[in-house]
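# Overview (structure and organization)
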Amino acid sequence: MREFAGKQQTRANAAVAHSEATIIWFAARMYAYEDIRVVHLEMTSRCNSACPMCARNLQGGAVNPNLPLAELSEADVRAMFPEELVGRLKRMYMCGNYGDAMVARDTLEVFTYFRAANAKMHLRLITNGSGRKPEWWRKLAGVVDVTTFSIDGLADTNHLYRRRTDWDVIMRSVEAYIGAGGSADWDFIVFKHNEHQVETARALAQKLGFKRFTAKRTDRFMSRGKLVNQREVHDRDGSVAYYLEMPVGPEYQNTAVRAVDSMVKEGTQYNDYAGQTDVVCKATGEAKIYVSAEGLVFPCCWVGGIYSSGTKAEAGEMWPLLRTLPEGKHTLSALRRPLREVVEGSFFQSLIPATWVPGSKERKDFTLCARMCGKHDTVRATPLPASS
Ligand code: SF4
Ligand code: SF4
């Protein structure tokens, strides 16, 4: 079996970098095309909901004006993922940065294609569940291994985060899917307004036949080392509708976010931390790629989240990096060139890995990898361990 720079190897490189010349860091590479085992697919950038902490909209109000509305068809996916590649995958899941695959036209057909090409791989849909007819959910149950329903509360609270969703529709979807033999997980993001409902929701999950219930400790009350206890929720006209607040119970607060907050309060500048922390690339560890609704390929969804909802389009530290590529962001398009070329090109193999070197200029200009995969790992601290 081919070797790739997996988690252990990346850690080893980190250790070397502290004791020897920085140049050794550039030995850290991503996987090669043949090594890819996990695919995160964003079928569409469209969604029926407007979650206030999701970058597809402006704090729960209008759609992010910088976001291209795009969607992959079954033909697009077949072209990007030939059967020989699908045949060696371990896992494919549909989630995404900006859209919910439930609303995409060809989601069922794409899952069916993957299943036909690889009977053993694990297929998962992650969705708000508030859409489609029961018949669609029954068909889905026969194709995927698991569907994760993201339901952040009960009938009287779920819509405060999953704005514009409908509880009755979600329950119909759940019942149709589970009733047809589908395996379902329930993910519940905990806020102040729903923390008193976690145990009731857990009991309901069991009654409805969910296999697993996970209370999630969101990291989205922190941005670049700054903790805010509440965030505004906007209506479409930009007016403040209400606030989302951090849960009060310490068990529902993200431990890594708390650790960063303490670190900053004790005098370490967040930028100094982000400039120096070791990076353990989660995508490399799993040999995973993320494919956006535009067909752009990135190692992970964090790096692929290029459309900030700010007033300036193409803002953020990723854009200077993308502009160095021959065709800008389109250099990463697996709809324009073979996936192999994208993954084995300079973006994957040198530009991103160069930012993993602590103290380097590349790190100074691009801290996202340090923020998502550094010592204080807010992502890994999100699921509440006891609930899994
Ligand atoms: S359901 Fe998902 S894609 Fe849709 S707004 Fe919420 S977080 Fe974003
Ligand atoms: S953020 Fe960077 S280090 Fe983390 S998984 Fe993505 S590419 Fe790898």
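Residues numbered from 1 in each chain as written. Chains lettered and ligands numbered in written order. Predicted model: local features only at pLDDT ≥ 70, side-chain atom pairs only at ≥ 80, totals over all residues. Heavy atoms only, no water.

### Details of empty space enclosed by the protein
Taken as a whole and judged by the stated rule, the model has 3 cavities of 30 Å³ or more. Of the volumes computed, that of the largest cavity is approximately 90 Å³. Lining the largest cavity are 14 residues, and of these Cys281, Cys300, Val303, Cys369 and Cys373 lie nearest its centre. When contributions to the lining of the largest cavity are tallied by element, the ones reaching two or more residues are α12 (301–304) and α17 (368–373). When residues in the lining of the largest cavity are grouped by element, the largest group, 4 residues, is from α17. (1 Å grid on protein atoms, 1.4 Å probe; cavity = no way out; pocket = protein on both sides within 12 Å on 5 of 7 lines; lining within 4 Å. Points joined across faces, edges and corners; volume = space filled by probe spheres on them. Helix = DSSP H or I, 4+ residues; strand = E, 2+ residues; numbered from the N terminus.)

### Examining the site of ligand 1
Around ligand 1, the neighbouring residues are Cys47, Ser49, Ala50, Cys51, Cys54, Arg56, Tyr98, Gly99, Asn128 and Arg162. Split by residue class, the shell around ligand 1 holds 5 nonpolar, 3 polar and 2 charged. (Near = heavy atom within 4 Å. Nonpolar A, V, L, I, M, F, W, Y, C, P; charged D, E, K, R; others polar.)

### A word on the nonpolar core
When a protein is soluble and globular, its nonpolar side chains tend to lie buried together. Formed by 94 residues in total, the largest nonpolar core has its most connected members in Leu41, Phe81, Phe114, Trp186, Ile289 and Phe347. If you tally residues by element for this core, the top one is helix α7 (residues 167–179), at 7 residues. Within the second largest apolar cluster, 18 residues are counted, among which are Tyr161, Phe221, Met246 and Met263. (Core = buried A, V, L, I, M, F, W, Y, C linked by side-chain atoms within 4.5 Å. Buried < 20%, exposed > 50% of the residue type's maximum accessible area, 1.4 Å probe, protein only.)

### Concerning the site of ligand 2
Taken together, Val279, Cys281, Lys282, Ala283, Pro299, Cys300, Trp302, Val303, Trp356, Cys369, Met372 and Cys373 are the residues near ligand 2. Of all the cavities here, the one that holds ligand 2 is the largest cavity. Here the shell around ligand 2 takes 3 residues from α17, the largest share from any one element. Its residues assigned to classes, the shell around ligand 2 shows 11 nonpolar, no polar and 1 charged. (Sits in = over half its atoms within 2 Å of the grid points.)

### Structural notes on the packing of aromatic side chains
In this structure the tally under the stated criterion is 17 aromatic pairs. With a centroid separation of 5.4 Å and an interplanar angle of 40 degrees, the aromatic rings of Trp137 and Phe149 are classed as tilted. Separated by 12 residues along the polypeptide, Trp137 in helix α5 (residues 134–141) and Phe149 in strand β4 (residues 146–150) bring together distant segments of the chain. Here the two residues Trp137 and Phe149 agree in accessibility, since each one is buried. Ring centres of Trp186 and Phe210 lie 5.4 Å apart, and the angle between their planes is 55 degrees; on these two criteria the pair is classed as tilted. One end of the pair, Trp186, is in strand β5 (residues 184–189); the other, Phe210, is in the loop between α8 (198–208) and β6 (212–216), and 24 residues separate them in sequence. A residue is classified by how much of its surface remains accessible, and Trp186, at 0% relative accessible area, is buried. These aromatic residues form a ring-pair network of at least three members: Trp136, Trp137, Phe149, Tyr177, Trp186, Phe188, Phe210 and Phe213. (Phe/Tyr/Trp six-rings, centres within 6.5 Å; stacked < 30°, edge-to-face > 60°.)

### So, the pairing of β4
Across the 5 residues of β4, 5 count as buried, placing the element largely inside the fold. Along β4, one buried face is formed by Val146, Thr148 and Ser150 and the opposite face, lined by Thr147 and Phe149, is buried too. In this region the chain leaves strand β3 (residues 122–127), passes through α5 and returns to the parallel neighbour β4; the handedness of that crossover is right-handed. Relative to β5, β4 runs parallel, the two sharing 4 bridges. Residue pairing across strands places Ser150 opposite Asp187, the latter belonging to β5. (Right-handed = clockwise from strand over helix to strand, strands pointing away. Pairing = 2+ DSSP bridges.)

### Focus on the pattern of salt bridges
Following the criterion strictly, the structure yields 26 salt bridges and no others. The shortest N-O distance in the salt bridge between Glu34 and Arg340 comes to 2.9 Å. Linking Glu34 in the loop between α1 (7–19) and β1 (38–41) with Arg340 in helix α14 (residues 339–343), this pair joins segments that are 306 residues apart in sequence. Using a relative accessible area of 35% as the deciding quantity, one classes Arg340 as partly exposed. With its nearest N and O atoms 2.8 Å apart, the salt bridge here joins Glu84 to Arg88. Judged by its relative accessible area of 23%, Arg88 falls in the partly exposed class. The structure contains a network of salt bridges with shared partners spanning Glu327, Arg336, Arg337 and Glu341. (Salt bridge = Lys/Arg side-chain N within 4 Å of Asp/Glu carboxyl O.)

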